[in-house]
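Take a look at the letters that make up each chain.
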Amino acid sequence: MDRYGGAFEEALDGARQQERHYQLLSALQSLVKELPRCAARERAAEGAPSPDCSHSAPFCTHSSFQQRLSYTTLSDLALALLDGTVFEIVQGLLEIQHLTEKSLYNQRLRLQNEHRVLRQALRQKHQEAQQACRPHNLPVLQAAQQREQEAVEHRIREEQRAMDQKIILELDRKVADQQSTLEKAGVAGFYVTTNPQELTLQMNLLELIRKLQQRGCQIGKVAL
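Residues numbered from 1 in each chain as written. Predicted model: local features only at pLDDT ≥ 70, side-chain atom pairs only at ≥ 80, totals over all residues. Heavy atoms only, no water.

Observations regarding helix α5 (residues 85–132)
To be explicit about the condition: Helix and strand assignments follow DSSP, with helices taken as H or I runs no shorter than four residues and strands as E runs no shorter than two, numbered in order from the N terminus. For a helix, the expected span equals 1.5 Å multiplied by the number of residues minus one. Three labels apply to residues, based on accessible area from a 1.4 Å probe with only protein chains included: buried if under 20% of the type maximum, exposed if over 50%, partly exposed otherwise in between. We call two residues in contact when some of their heavy atoms are within 4.5 Å.
Between its first and last C-alpha, α5 extends 71 Å over 48 residues, near the 70 Å set by a 1.5 Å rise per residue. Residues of α5 that are buried: Val 86, Phe 87, Val 90, Leu 93, Thr 100, Leu 104, Gln 107, Leu 111, His 115, Leu 122 and His 126. Buried residues belonging to α5 abut α4 (71–81), α6 (138–184) and α7 (196–214).

Next comes the structure, spelled out in structure tokens:
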């Protein structure tokens, strides 16, 4: 009897898993229809930078990504979401991303403040020097100050360029980390890539997961 009871429980659990998979798959199929033509372009229209949809990706259209998000892809994604672990992973990755973006933003803001202070100090220094300068020496002083100002502006531009490169590299590393983590978690469509079309596909998959999470489509809460 115990053997039959155990088999019955296994069959019941399998049926529940199938039902949850069906509900998640149905929800994903419904959400795919709500995807924007290109989420990256839509974010760009809102003024948010995104490397996921470049001008070199002419096929970034709603229909093409609907085709990429096939039944098999969505079914595999639903399977990966069954036990709720992927929801937790995605939430953790988003929190890390937000903290990283905030840190990088603050670093750039501090650099801009330092440059503003530097310019103000240089301006005051030049004004005081000109006030104390004899009139016949003023042209020589102004020429020297012009060279100094140009040198400072060159330094500021180089520091800003270095900061922007650091930000881009750090964000690229975070994207690669996210891709690798989700690939190891068995989430369909995720692997380390810099291809703009693949990045947009992955971004759409993340958007689907995020929307499911918002709607409570997790383990034990699969009803929309």
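Overview of the environment of Gln 18
Following the sequence through the fold, Gln 18 ends up in helix α1 (residues 2–32). Residue Gln 18 is classed as exposed on the basis of its relative accessible area of 60%. Sequence-wise, Gln 18 and Leu 82 are 64 residues apart; in three dimensions their C-alpha atoms are separated by 9.5 Å.

Observations concerning the nonpolar core
Definition in use: We call a set of buried residues a nonpolar core when its members are Ala, Val, Leu, Ile, Met, Phe, Trp, Tyr or Cys and they connect through side-chain atoms within 4.5 Å of each other.
Leu 69, Leu 81, Leu 208, Ile 209 and Leu 212 are the most contacted members of the largest nonpolar core, which totals 26 residues. No other element matches the six residues that α1 contributes to this core. Contacts of Leu 208, omitting those with residues within four sequence positions, involve Leu 28, Leu 31, Val 32, Leu 35, Leu 69 and Leu 74.

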